[in-house]
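Each chain is listed here by its residues.
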Amino acid sequence: VDGDADQVMQCVEGIFTTVDQLKKVLICVVEGVAVGIGTTLLLHCDIAVASSRAKFRLPFVNLGVCPEGGASTLLPQAIGQKAAREILLTGRFFSAEEAFSWGLISAITEPEKVSERVEEYISSILQQPQSSLAATKELMRQSKGDVGSAVSRELQMFAKLLQSEQTRNRITALLKR
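A few points on the structure. None of these values were measured; they are calculated from a predicted model.

Where charged atoms from two side chains of opposite charge come close, those side chains can pair. Tallied over the entire structure, the rule returns five salt bridges. A salt bridge links Glu-86 to Arg-92; the shortest N-O distance between them is 2.5 Å. Assessed through its relative accessible area of 31%, Glu-86 is described here as partly exposed. The salt bridge involving Glu-98 is made with Arg-92; its shortest N-O contact spans 2.7 Å. Ionic contacts of the salt-bridge type, sharing partners, join the residues Glu-86, Arg-92 and Glu-98 into one network.

Read across the sheet, three strands follow the order E1-E3-E6 without closing on themselves; strand pairing throughout is parallel. Each edge of the open sheet carries a strand with a single partner, namely strand E1 (27–30) and strand E6 (107–109). Across the sheet, the mean angle from the axis of one strand to that of its neighbour is 20°, orientation sign disregarded. By the bridge criterion, four bridges tie E1 to strand E3 (residues 47–51) in an arrangement that is parallel. If you follow Val-29 over to E3, its bridge partner there is Val-49. Contacting E1, E3 and E6, helix H7 (residues 114–126) runs over the sheet at an angle of about 165° to E3.

With that settled, the discussion passes to the environment of Cys-66. As for its placement among the helices and strands, Cys-66 is situated in the loop between helix H3 (60–63) and helix H4 (71–79). Its relative accessible area of 12% is what places Cys-66 among the buried residues. The spacing of Cys-66 and Lys-160 is 94 residues in sequence and 9.8 Å in space, taken between C-alpha atoms. When neighbours within four sequence positions are excluded, Cys-66 is seen to be in contact with Phe-60, Glu-154, Met-157, Phe-158 and Leu-161.

Turning to the sheet that holds strand E2 (residues 33–35), a few remarks are in order. The strands making up a sheet associate through hydrogen bonds between their backbones, and the pairing can be parallel or antiparallel. On the basis of which strands lie adjacent, the open sheet formed by three strands has the order E2-E4-E5 and mixed pairing. Both outer strands of the open sheet, E2 and strand E5 (93–95), are each paired with one neighbouring strand and no more. Across the sheet, the axes of successive neighbouring strands diverge by a mean angle of 20°, strand direction being ignored. In this sheet, strand E4 (residues 55–57) lies alongside E2 in parallel orientation, the contact comprising three bridges. In the sheet register, Ala-34 faces E4, and the bridge partner there is Phe-56.

How each quantity is defined
Residues numbered from 1 in each chain as written. Predicted model: local features only at pLDDT ≥ 70, side-chain atom pairs only at ≥ 80, totals over all residues. Heavy atoms only, no water. Salt bridge = Lys/Arg side-chain N within 4 Å of Asp/Glu carboxyl O. Buried < 20%, exposed > 50% of the residue type's maximum accessible area, 1.4 Å probe, protein only. Pairing = 2+ DSSP bridges. Helix = DSSP H or I, 4+ residues; strand = E, 2+ residues; numbered from the N terminus. Axes fitted to C-alpha atoms, helices over the stretch in contact; angles between N-to-C directions. Contact = heavy atoms within 4.5 Å.

Worth remembering: the numbers are spatial, not functional.
In structure tokens, the structure reads:
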């Protein structure tokens, strides 16, 4: 089991390292519910569009684990310390309106207009010089600090917390629902 857990942790770290280092523009779309990694990925996106019906949740503490994917560093940078602490320490659901007001997502649309809004962003980005987009992303990436180290620290703590009986019981209870 420990080998499997290590493999999963390496896979998760690889996902976030890859997304964090992308040279191309990454646009994310949330049309339903984004929980855990689905919300954490938004912190690595350049542009995020959500349906007005979208809901978000970072339930790490509810499961007895800690944030992953750089969320402990990137979420406070993105939405501020107080909002980040409230979201991470309670694990509550939050709305698209809240996510937009905090700057976690770029736009909210009616459910039937999500694709249209994404196409507008894509059309605009495709008109820009690739070299300029890549340079801008690189400069912005540098301003975030060392996200890779944050991801590694989080995953080490995450793996440690997964070993506790309390965490295992919480995850088992969730899976039984």
